[in-house]
Amino acid sequence: MANDRFYRPGQMRLKENDALYIAPLCVLAVMLVISAFTGLWPWKTNFYNSYALQADAWLHGRLDLGKDYEWLELAIFEGKYYVSFPPFPSYVLLPFSLFFGQATPDSLICWIFSLIGMCAAVKMCLSLGTGPKLALFWTLYLYLGSGWLFLGQTGYVWFMAQSMAFALSLLSLQCALENKGGFSLGFWACAVGCRPLVAIYLPLLFYLLRQHEKEKRIPKWIRSHLTWAIAPCLIAFSYMMLNYLRFGNPLEFGHNYLPEFVRAPLGQFSLSYVPEHLRLLLRLPTIDPKSGALVFERIETSAFYLICPLTVSFFLSLIQGIRSRRGRGLLLLLPLLLCLHVLFTCMHRTLGGFQFGNRYFVDLMPYLLLGLLSFRSPSERFDLAQLPLLILGFAVNFMGTISTYNNW
């Protein structure tokens, strides 16, 4: 061919570091396009800013907010108004509150966390042997082909906690794969301070860390790494002390004092909620009789396999893992923890309220990716066969995100 002289074998190979910046740039480009269609630019004022209000109140010497903000979900305890969510995001906002007061750049901070999480996802893929091209593929699948796209766009109080927990979970898993136990458990404790159900995955981290020194007996292995417990214990102590000072209970973040749950006959958690919530997880979109268009419900949740097809890819890889007996210990542990996470989530009184997709189940995605990469066939044919699912997830979430925010 006439232009053969411009081609060099191996010229298009990606280096490992290339994926570390290509993945964030790809996701950033999509997020900017969504901002252009919705007007939700990351520097805009956030009116759902519970964490900023809390950080500002702390700097002014009070644990409550001083007054009611009726558009926010606030706990009411002994006549005072408190932020009802776990506090870690307010820890992050404290230095920003010194300069911005209650007008902290919440969405921009969430975007930065997300970019850090993408780098951790790429490194996790590389640690599990994918190579840079497939690391880029799976990272884009995780972020663009799942319900993360909707909640990652803004710093609204509900989504800020999830964006941070998502990134911190990826950092925790990557550090565990690198045998950096102190960092892994520290990031895990930070993630729990955003989304408490992430606590379920502590045994998984111990399993991953243990793989690096399997020749040591467990008591000796524990004694040799006692310093790993310092960071998570200090972080957990800060949560419990804050809870005790506010509500007189070291395990109470405030959700039980939300009017919504105070009025609920069955309380915040109940097994009675599970059957209906499982039905909602399988709920297919309906057809508009006038236009013939599909209508995705925006209250609670929709069919999980359409919003997060990564779950389908996970099940396919799990089947491969069972057949080949690849990662035997993980084959038992991880599905058990994921099932517990789903069960406890379905026991919650709601599945997230107004949203697009299944935002509560986005918290599972980093752990699904770990299992998927651990169980899958080493042949690239499996990875390439997931491309249609990635495209499906991206198209549904991209359009659904824009539509939902424009009709907020």
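Keep in mind it's a predicted model, so treat the numbers as computed, not measured.

Caption draft 1: Looking closely at the side chain of histidine 255. Structurally, histidine 255 can be placed in the loop between α11 (230–247) and α12 (259–262). Its relative accessible area of 17% is what places histidine 255 among the buried residues.

Caption draft 2: Highlighting the packing of helix α9 (residues 202–210) against helix α16 (residues 328–346). It is at 10 Å that the axes of α9 and α16 come closest, and there the two elements cross at 160°. One finds that α9 runs roughly antiparallel with respect to α16. Of the two possible hands of crossing, α9 and α16 adopt the one that is left-handed. On the side of α9, the interface is formed by Pro203, Leu204 and Tyr207, while α16 contributes Gly329, Leu330, Leu333, Leu334 and Leu337. Per-class residue counts for the contact of α9 with α16 are 7 nonpolar, 1 polar and no charged.

Caption draft 3: Representation of the layout of surface pockets within the structure. Reported here for the largest pocket is a volume of approximately 1000 Å³. Taken together, 46 residues form the lining of the largest pocket, with Pro86, Arg195, Pro196, His255 and Gln268 sitting closest to its centre. Only α7 (157–177), α8 (181–192), α11, α12 and α16 provide two or more residues apiece to the lining of the largest pocket. Top contributing element to the lining of the largest pocket by residue count: α11, with 5 residues. In terms of residue class, the lining of the largest pocket is built from 29 nonpolar, 11 polar and 6 charged. Reported here for the second largest pocket is a volume of approximately 410 Å³. What lines the second largest pocket is a set of 18 residues, among which Phe304, Thr311, Phe315, Val342 and Leu364 lie closest to the centre. Counting residues per element, the ones that place at least two in the lining of the second largest pocket are α13 (274–281), α15 (310–324), α16 and α17 (365–375). Per-class residue counts for the lining of the second largest pocket are 16 nonpolar, 2 polar and no charged.

Calculation rules
- Residues numbered from 1 in each chain as written.
- Predicted model: local features only at pLDDT ≥ 70, side-chain atom pairs only at ≥ 80, totals over all residues.
- Heavy atoms only, no water.
- Helix = DSSP H or I, 4+ residues; strand = E, 2+ residues; numbered from the N terminus.
- Buried < 20%, exposed > 50% of the residue type's maximum accessible area, 1.4 Å probe, protein only.
- Axes fitted to C-alpha atoms, helices over the stretch in contact; angles between N-to-C directions.
- Parallel < 35°, antiparallel > 145°, perpendicular 65-115°, else oblique.
- Left-handed = near helix turned anticlockwise from the far one by under 90°.
- Contact = heavy atoms within 4.5 Å.
- Nonpolar A, V, L, I, M, F, W, Y, C, P; charged D, E, K, R; others polar.
- 1 Å grid on protein atoms, 1.4 Å probe; cavity = no way out; pocket = protein on both sides within 12 Å on 5 of 7 lines; lining within 4 Å.
- Points joined across faces, edges and corners; volume = space filled by probe spheres on them.

Taken by themselves, the reported measurements are silent on function.
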